[in-house]
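# Structure assessment
So you can see what is in the structure, the chains are spelled out below.
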Amino acid sequence: MTKLLIVYHSRTGGTRQMAEAATKAAGKETEAVLKRAEDTGPDDLLAAKGYLFAAPENLAALSGAMKEFFDRCYYPVLGKIEGRPYGLMICAGSDGENAARQAARIATGWRLKQVQPPLIICTHAQTEAEILAEKTIPESDLAKCRDLGAALGAGIEMGVF
């Protein structure tokens, strides 16, 4: 059984960098598997003990691909993953709060246990060119992602969640 499943969507690379940093740190604590939202299905969720969901915020909501992952997997695992721990990372241009709320509501429907507050990394991308450009997440923010991954991995490995 996978200990920590990290599911992400990224169009411009920011969320991917965040998810990779968290995976690397979590992997030092427990088994950690990184999967793109498009490649993740109900069986992956059922096979994991905990989750870290990482998504960009697009137009004040979860990205379409991340929402599609949740839509596709929601009912097949409903009632089968209750009580498992999860964390959340959002890569946003200015706010990220609405995407975090949206993901948290889905996790609440699954009856997952939030074990860390959402981590929102703001890129401050405001123009069309900035929003569409490839992102480079600063090291100080990647450190926060690593801390979150390590904490989730350690907590799952020790059975404290």
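Residues numbered from 1 in each chain as written. Predicted model: local features only at pLDDT ≥ 70, side-chain atom pairs only at ≥ 80, totals over all residues. Heavy atoms only, no water.

## Thoughts on the overall build of the protein
A tally of regular secondary structure across the protein gives six helices and seven strands. If you list the helices and strands of the protein from N to C, you get β-α-β-α-β-β-α-β-α-β-β-α-α. Relative to its length of 161 residues, the protein is compact, with a C-alpha radius of gyration of 14 Å against a globular reference of 15 Å. When its C-alpha atoms are laid out on the principal axes, the protein stretches across 40 × 30 × 25 Å. Across the 161 residues that make up the protein, the buried fraction comes to 49%. Put simply, 84% of the contacts in the protein that link residues at least 6 apart link residues at least 24 apart. (Helix = DSSP H or I, 4+ residues; strand = E, 2+ residues; numbered from the N terminus. Rg over C-alpha atoms; globule rule 2.2 N^0.38 Å. Buried < 20%, exposed > 50% of the residue type's maximum accessible area, 1.4 Å probe, protein only. Contact = heavy atoms within 4.5 Å.)

## Focus on the packing of aromatic side chains
Here the structure, examined in full by the defined rule, presents nine aromatic pairs. Residues tyrosine 74 and tryptophan 110 carry aromatic rings whose centres are separated by 5.7 Å and whose planes lie at 15° to one another, so their mutual orientation is stacked. Of this pair, tyrosine 74 sits in helix H3 (residues 64–77) while tryptophan 110 sits in the loop between helix H4 (97–109) and strand S6 (113–114); the two residues are 36 residues apart in sequence, bridging distant segments of the chain. A network of ring pairs unites the aromatic residues Tyr51, Phe53, Phe69, Phe70, Tyr74, Tyr75, Tyr86 and Trp110 as a single cluster. (Phe/Tyr/Trp six-rings, centres within 6.5 Å; stacked < 30°, edge-to-face > 60°.)

## Quick look at the pattern of salt bridges
Within the structure shown, the criterion is met by eight salt bridges. The shortest N-O distance in the salt bridge between lysine 3 and glutamate 157 comes to 3.4 Å. Of this pair, lysine 3 sits in strand S1 (residues 2–8) while glutamate 157 sits in helix H6 (residues 139–158), and the two are 154 residues apart along the sequence. You can call glutamate 157 partly exposed: its relative accessible area is 41%. As a salt-bridge pair, lysine 144 and aspartate 141 come within 3.5 Å of each other at their nearest N and O atoms. (Salt bridge = Lys/Arg side-chain N within 4 Å of Asp/Glu carboxyl O.)

## Digging into the state of the cysteines
Under the definition given, this model contains zero disulfides. Cysteine 122 takes part in no disulfide bond, and the closest cysteine sulfur to it belongs to cysteine 91, at a distance of 8.5 Å. (Disulfide = S-S within 2.5 Å.)

## Examining the nonpolar core
The biggest cluster of nonpolar side chains holds 28 residues, and the ones touching the most others in it are Leu45, Tyr51, Phe53, Leu62, Met66, Phe69 and Trp110. Within the residue set of this core, elements represented by two or more residues are S1, strand S3 (48–58), H3, strand S5 (85–92) and H4. Leaving out residues up to four positions away in the same chain, phenylalanine 53 has contacts with Val7, Leu45, Met66, Phe69, Phe70, Tyr86, Gly87, Leu88, Met89, Trp110 and Leu112. Core analysis: the second largest hydrophobic core is formed by 21 residues, Ala19, Ala22, Leu52 and Ile137 among them. (Core = buried A, V, L, I, M, F, W, Y, C linked by side-chain atoms within 4.5 Å.)

## Topic: H4
Along an α-helix, residues three or four positions apart point the same way, because every turn accommodates 3.6 residues. With 13 residues, H4 should reach 18 Å at 1.5 Å per residue; the first-to-last C-alpha distance of 18 Å fits that figure. All of the buried residues along H4 are Ala99, Ala100, Ala103, Ala104, Ile106, Ala107 and Gly109. Note on H4: the residue one or two positions beyond its end, arginine 111, has a positive phi of about 65°. (Expected span 1.5 Å × (residues − 1).)

## With respect to unusual backbone geometry
Of note, the phi angle at leucine 59 is positive, near 55°, even though the residue is not glycine. With respect to the secondary-structure elements, leucine 59 resides in the loop between S3 and strand S4 (61–62). Residue classification places leucine 59 among the exposed positions, given a relative accessible area of 87%. Here the phi dihedral of arginine 111 falls at roughly 65°; this positive angle occurs in a residue that is not glycine. Relative to the elements of secondary structure, arginine 111 occurs in the loop between H4 and S6. Relative accessible area serves as the criterion here: at 52%, arginine 111 is assigned to the exposed category.

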